[in-house]
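Each chain is listed here by its residues.
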Amino acid sequence: MSNFCCSVVFGFSTYRNTSEVLKTTRQFLKLSRLLRRGTMDLSSTIYDAIVVGAGIEGSSIAYNLAKRGQRTLLIEQFPLPHSRGSSHGKSRITRYAYEKSFYVRMMVDAFPMWAQLEKEAKTRLFVNCGLLNFYYNQSEELERMTSALREFQVPHQVLTSTEVQSRFPQIKNGEDYCALWDPHGGALKADKCLKAFQDVFQQHGGVVHDEEPVTHISPGKVITVATTKSHYLAHNVVIAAGPWSEKLCMSLKLQVFLKPLRSLVLYWKVNEEFINLYDPDSFPCFIDSRTSDDVHMYGFPSLEYPGMVKICLNRDFVIDPDDRDELENDGVMTEEVKKKVALTFKHLASMPSIREYCICTDTPDKHPYIDKHPAYPNIVLAAGFSGHGFKLAPAVGKAVTELVLKEPLSYNMEPFKLNRFTTKANL
């Protein structure tokens, strides 16, 4: 207790005006009361950083901080592992292929960082089956993508429809389309990636608390994080709580625009005599960008359930993340995917055999927030990854660590700024 009191009182000398001193005095008195009640854990003194949210972004951030010698606590509201957020399940697409060059730059780092995590965790995390991205001929989106890939000298190839069907006979005949082939793309084993980050984080001295929702964050030179079980102190806090980030930001008088969405994940049986055509050695991950409404179909080879492929749409439905399963509109979504699957692929069942769910959290421009709080620079937000953040997680962890440690930034962070929406967006 005496050491804690000294550290807070000594900190008064750094404040420049009376209001800041009074604010810190009130915080100190509050913490003293909590100590007397026994509801604050100071056994490990003050953390360098607390990360709120143990999904893939939060776990990567915590891992990067711990590897840099930062004493880090990772707090998760649900019991680990769980299926209530955005990071569970068996697979996520990874790729270099992006239209925006700032994402390609991040993926240039992310691929070797995933490989490093594989070595550290002694677990295979990546299946290099390639990625095929379908476009209409003369697509402006395809031109932007190939330009971004050329900028960073990333190998790729544009295939005609005839070349696609020759290489991948599972795909039905069609004209007026082409496809970008990303040979280094493929699938990440999502649940294994998440566990790997958390395991290696703990090997570096990191601490994980699950089943412990955060109820309040009190800013200051030393930040107080209140949970349903205790209170913790840290010099820095990172909020990476997916759709639950908005409530925490509101308590910090920070307006963000996050739209929680429920995604329907569907698995389709392959006709028994053609199962080999859909294994990872024969069939790639794919994204079908032949659309006029920003809704695309995407899928994977048979990686999870034996004899089944995962094929879904990115058409999602707005939800309350605490009532994810209340919405009853699976039939509409299933019919839409069913039609697209029948038009595009051979040898698949006409209806899905398994349905699962996850949450993604969109921002108005589909780019995440990765930025410091404008009033409290020792609080960082990393949220709103809009359904494409899993693959970026190693680079996100590196970027946030640089923000926390006040280091030169490796990436263009302008697209991720908190202030880029000056008025409330029409979500």
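Residues numbered from 1 in each chain as written. Predicted model: local features only at pLDDT ≥ 70, side-chain atom pairs only at ≥ 80, totals over all residues. Heavy atoms only, no water.

The chain appears in an unreviewed UniProt entry as Peroxisomal sarcosine oxidase from Biomphalaria pfeifferi. Quoted straight from UniProt, the Sequence similarities (unreviewed entry) entry for the chain says "Belongs to the MSOX/MTOX family." (UniProt positions renumbered as here; feature names shortened; annotations may be inferred.)

K.L.:
What is the right way to look at the packing of helix α3 (residues 56-67) against helix α4 (residues 101-121) in this model?
P.N.:
If you want to describe how two helices pack, look at the angle between their axes and the distance between the axes. Contact geometry for α3 and α4: axes closest at 14 Å, N-to-C directions at 75°. The angle between α3 and α4 falls in the class roughly perpendicular. Counted together, I56, Y63, N64 and K67 of α3 and M113, W114, Q116, L117 and E120 of α4 form the full contact between these two elements. Looking at the contact of α3 with α4 residue by residue, the class counts come to five nonpolar, two polar and two charged. (Axes fitted to C-alpha atoms, helices over the stretch in contact; angles between N-to-C directions. Helix = DSSP H or I, 4+ residues; strand = E, 2+ residues; numbered from the N terminus. Parallel < 35°, antiparallel > 145°, perpendicular 65-115°, else oblique. Contact = heavy atoms within 4.5 Å. Nonpolar A, V, L, I, M, F, W, Y, C, P; charged D, E, K, R; others polar.)

K.L.:
Looking at this structure, I do not really get the packing of aromatic side chains. What am I missing?
P.N.:
Note on aromatic pairs: each is described by the distance of the centres and the angle between the planes. Under the defined criterion, the tally for this structure stands at 20 aromatic pairs. When the centroid spacing of 5.5 Å and the interplanar angle of 50° are considered together, the rings of W114 and F197 count as tilted. Here W114, found in helix α4, pairs with F197, found in helix α7 (residues 190-203); they are 83 residues apart in sequence, far enough to count as distant. Both residues of the pair, W114 and F197, count as buried. When the ring of Y278 is compared with that of F283, the centres are 4.8 Å apart and the planes differ by 55°; the resulting orientation is tilted. For the residue pair Y278 and F283, the accessibility class agrees, reading buried in each case. (Phe/Tyr/Trp six-rings, centres within 6.5 Å; stacked < 30°, edge-to-face > 60°. Buried < 20%, exposed > 50% of the residue type's maximum accessible area, 1.4 Å probe, protein only.)

K.L.:
How should I be thinking about the pattern of salt bridges in this particular structure?
P.N.:
Taken as a whole and assessed by the stated rule, the structure comprises 14 salt bridges. Between K195 and D199 there is a salt bridge, with the nearest N and O atoms lying 2.6 Å from each other. One end of the pair, K195, and the other, D199, are both in helix α7, four residues apart, so they sit about a helical turn from each other. For K310, the salt bridge is made with E304, and the minimal N-O distance between the two is 3.7 Å. Here the two residues K310 and E304 agree in accessibility, since each one is buried. (Salt bridge = Lys/Arg side-chain N within 4 Å of Asp/Glu carboxyl O.)

K.L.:
How should I be thinking about the confidence of the model for the chain in this particular structure?
P.N.:
Predicted coordinates in regions of low pLDDT should not be interpreted in detail. Of all residues in the chain, 87% attain a pLDDT of 70 or more, and the chain-wide mean is 88. This model gives residues 1-18 a pLDDT under 50, and the stretch forms 18 contacts once residues within four places in sequence are excluded. (pLDDT = per-residue confidence, 0-100.)

K.L.:
Looking at this model, I keep getting lost on the pairing of strand β1 (residues 47-52). Mind explaining?
P.N.:
The side chains of a regular strand alternate, first on one face of the sheet and then on the other. Judged by how many residues are buried, β1 sits mostly within the fold: five of six residues are covered. Sheet topology places β1 next to strand β12 (residues 231-239); five bridges connect them, and they run parallel. Directly across from V52, in β12, lies its bridge partner I239. (Pairing = 2+ DSSP bridges.)

K.L.:
Would you explain the packing of α3 against α7 in this entry?
P.N.:
Running from amino to carboxyl end, α3 crosses α7 at an angle of 30°, the nearest separation of the two axes being 9 Å. Considering their axes alone, α3 and α7 lie roughly parallel with respect to each other. Handedness of the crossing formed by α3 with α7: left-handed. Along its contact with α3, which presents I56, S59, S60, A62, Y63 and A66, the element α7 presents C193, L194, F197, Q198, V200 and F201. Each residue belonging to the contact of α3 with α7 can be placed in one class, and the counts come to nine nonpolar, three polar and no charged. (Left-handed = near helix turned anticlockwise from the far one by under 90°.)

K.L.:
I keep staring at the sheet that holds strand β8 (residues 186-188) and nothing clicks. Help me out?
P.N.:
Pairing between sheet strands relies on hydrogen bonds along the backbone, with the strands arranged either parallel or antiparallel. Ordered in space as β3-β8-β4, the three strands form an open sheet in which the pairing is antiparallel. On the outer flanks of this sheet lie β3 (92-94) and β4 (126-127), each paired with one strand and no other. Here three bridges tie β3 to β8, and the two strands are oriented antiparallel to one another. Of the residues in β8, the one forming a bridge with T94 is G186.

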